[in-house]
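Overview (structure and organization)
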Amino acid sequence: MAVFNRVESPRNAEEAIYSEIIQAGDGWMRVLKPGQVLRIVDLEGNQAADTLFYDADNPEDHYSAVATIAGQGNIYLSTGSVLRAESGKELLRIVADTCGRHDTVGGSCSAQSNTVRYSHDKLSMHNCRDTFMLQLAQWDGAYTKRDLAPNINFFMNVPVTADGGLKFDDGVSAPGCYVEVQSLGSSMVLISNCPQLNNPCNAYNPTPIQVLIWDK
Ligand SMILES: [Zn+2]
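Not measured: the values here are computed from a predicted model.

**Examining the coordination of the zinc ion**
- At this site the zinc ion is bound by C109 (SG), C128 (SG) and C194 (SG), with donor distances of 2.2 to 2.3 Å.
- Within one chain, the residues serving as donors to the zinc ion are arranged as C-x18-C-x65-C. Residue C128 is located in helix α3 (residues 128-138), and its partner C194 is located in the loop between β9 (187-193) and β10 (209-214); the two are separated by 66 residues in the primary sequence. C194 carries the same exposure label as C128, and that label is buried.

Have a look at this one:
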């Protein structure tokens, strides 16, 4: 599979059944029905949309970076990538992508990672893990802290170096770039629109994203 597999969507925004702006630092959680397509738009470019998926019929079975990477033999995600759960079940497929590469290994930012990567006085800064926890707590009780797992960073550029390290690089996304996933069954989507202010993935400037949904 090509690393940059840019494919435009045939879907029109006017035909979407749902459209919402998620401000920088905000979270979003919603169920996709079988066949529904979710588009995430990087409105201003260089933003990171930290995202987790669950089998909505069996919330314990969450997105698995390991199963997804092993299943496709590639550490980056793009058009054609199948997002698998811990059980190996196919949850969603990326059906369009104008950015071309998304991170599977960087994980979400947290108070702890902020102190390790930057400095101890970053402990209290807003982070994706807090946003995930708030969204999970506000749902109907089916999800708890134990349901947090290594997530996808849509639009984020985290190249793996030749010696196996990770780099948080300047973004490869641009204003208006989008990615679309089609839900194969019933999938819960959890997004944290990253508030991170300490690395160049979002140009030190968190910006809004848009989510749109189409019926099958
Ligand atoms: Zn973050």
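**Points about the state of the cysteines**
- Applying the stated criterion across every chain, the model contains 0 disulfides.
- Residue C99 stays outside any disulfide, its sulfur separated by 5.2 Å from that of C177, the closest cysteine.
- Among the residues examined, C99 registers a relative accessible area of 0% and is labelled buried.

**Thoughts on helix α1 (residues 65-72)**
- Here α1 has its buried residues at A65, A67, T68, I69 and Q72.
- Turning to α1, the residues buried within the fold contact β5 (82-84).
- Sitting at the head of α1, S64 places a side-chain oxygen 3.4 Å from the backbone nitrogen of V66.
- Once α1 ends, the next one or two residues include G73, with phi positive near 65 degrees.

**What to know about the pairing of β9**
- Of all the 7 residues making up β9, 7 are buried; the element is thus mostly covered by neighbouring parts of the structure.
- Residue alternation in β9 divides its side chains into two sets, S187, V189, I191 and N193 and M188, L190 and S192, and both sets are buried.

**Thoughts on the environment of V82**
- On the secondary structure map, V82 appears in strand β5.
- Given the relative accessible area of 14%, V82 is considered buried.
- Residues V82 and V95 lie 13 residues apart in sequence; the distance between their C-alpha atoms is 9.3 Å.
- Ignoring any residue separated from it by four or fewer positions in sequence, one finds V82 in contact with T68, E90, L92 and R93.

**Notes on the environment of I213**
- For I213, the location among the structural elements is in strand β10.
- Taking C-alpha positions, I213 is 6.7 Å from S19, a pair spaced 194 residues apart along the chain.
- Beyond its immediate sequence surroundings of up to four residues, I213 is in contact with A16, I17, Y18, W28, R30, L32, Q36, V37 and L38.

**Brief notes about the side chain of N193**
- Along the polypeptide, N193 turns up in strand β9.
- Exposure remark for N193: the relative accessible area of 0% places this residue in the buried category.
- Polar side-chain contacts of N193 include one of 3.0 Å to the backbone oxygen of T207.
- Once you skip the residues sitting within four places of it in the chain, N193 turns out to touch I22, Q23, A24, G25, D26, Q47, A48, T207, P208 and I209.

**Details of the sheet that holds β9**
- The strand order across the open sheet built from 4 strands is β2-β9-β4-β7, with neighbouring strands paired in antiparallel fashion. Both outer strands of the open sheet, β2 (27-32) and β7 (152-154), are each paired with one neighbouring strand and no more. Taking the axes of each pair of neighbouring strands and ignoring which way they run, one obtains an average angle of 25 degrees across the sheet.
- Across 7 bridges, the pairing between strand β4 (residues 49-55) and β9 is antiparallel. By the bridge assignment, D50 is partnered in β9 with S192.
- The sheet contacts of α3 involve β2, β4 and β9, and relative to β9 the element is tilted by about 140 degrees.

Analysis parameters
Each chain has its residues counted from 1, following the order in which its sequence is written. Side-chain atom pairs in this predicted model are given and counted only at pLDDT of 80 or more, local residue features only at pLDDT of at least 70, and totals for whole chains, interfaces and linings cover all residues. To get the side-chain values, take all heavy atoms of the structure and skip hydrogens and water. A donor here means any N, O or S atom no more than 2.8 Å from the metal (3.2 Å for Na, K and Ca); water is not included, so a site may seem to lack partners. Secondary structure elements follow DSSP: runs of H or I of four or more residues count as helices, runs of E of two or more count as strands, with numbering from the N terminus. Each residue is assigned to one of three classes by its accessible area relative to the maximum for its type, calculated with a 1.4 Å probe on protein chains only: buried under 20%, partly exposed between the two thresholds, exposed over 50%. Note that a disulfide, as used here, is simply two cysteine sulfur atoms within 2.5 Å. Residues count as neighbours in contact if any of their non-hydrogen atoms are within 4.5 Å of one another. Whenever a nitrogen or oxygen atom comes within 3.5 Å of another N or O atom, the pair is scored as a polar contact, on the condition that within protein one atom can donate a hydrogen and the other can accept it, and that pairs from neighbouring residues in sequence are kept only if both atoms are in side chains. Strand pairing is assigned whenever DSSP identifies at least 2 bridges connecting the two strands. Axis definition: a line fit to C-alpha positions, over the contact stretch in the case of helices; interaxial angles, taken between N-to-C directions, run 0 to 180 degrees.

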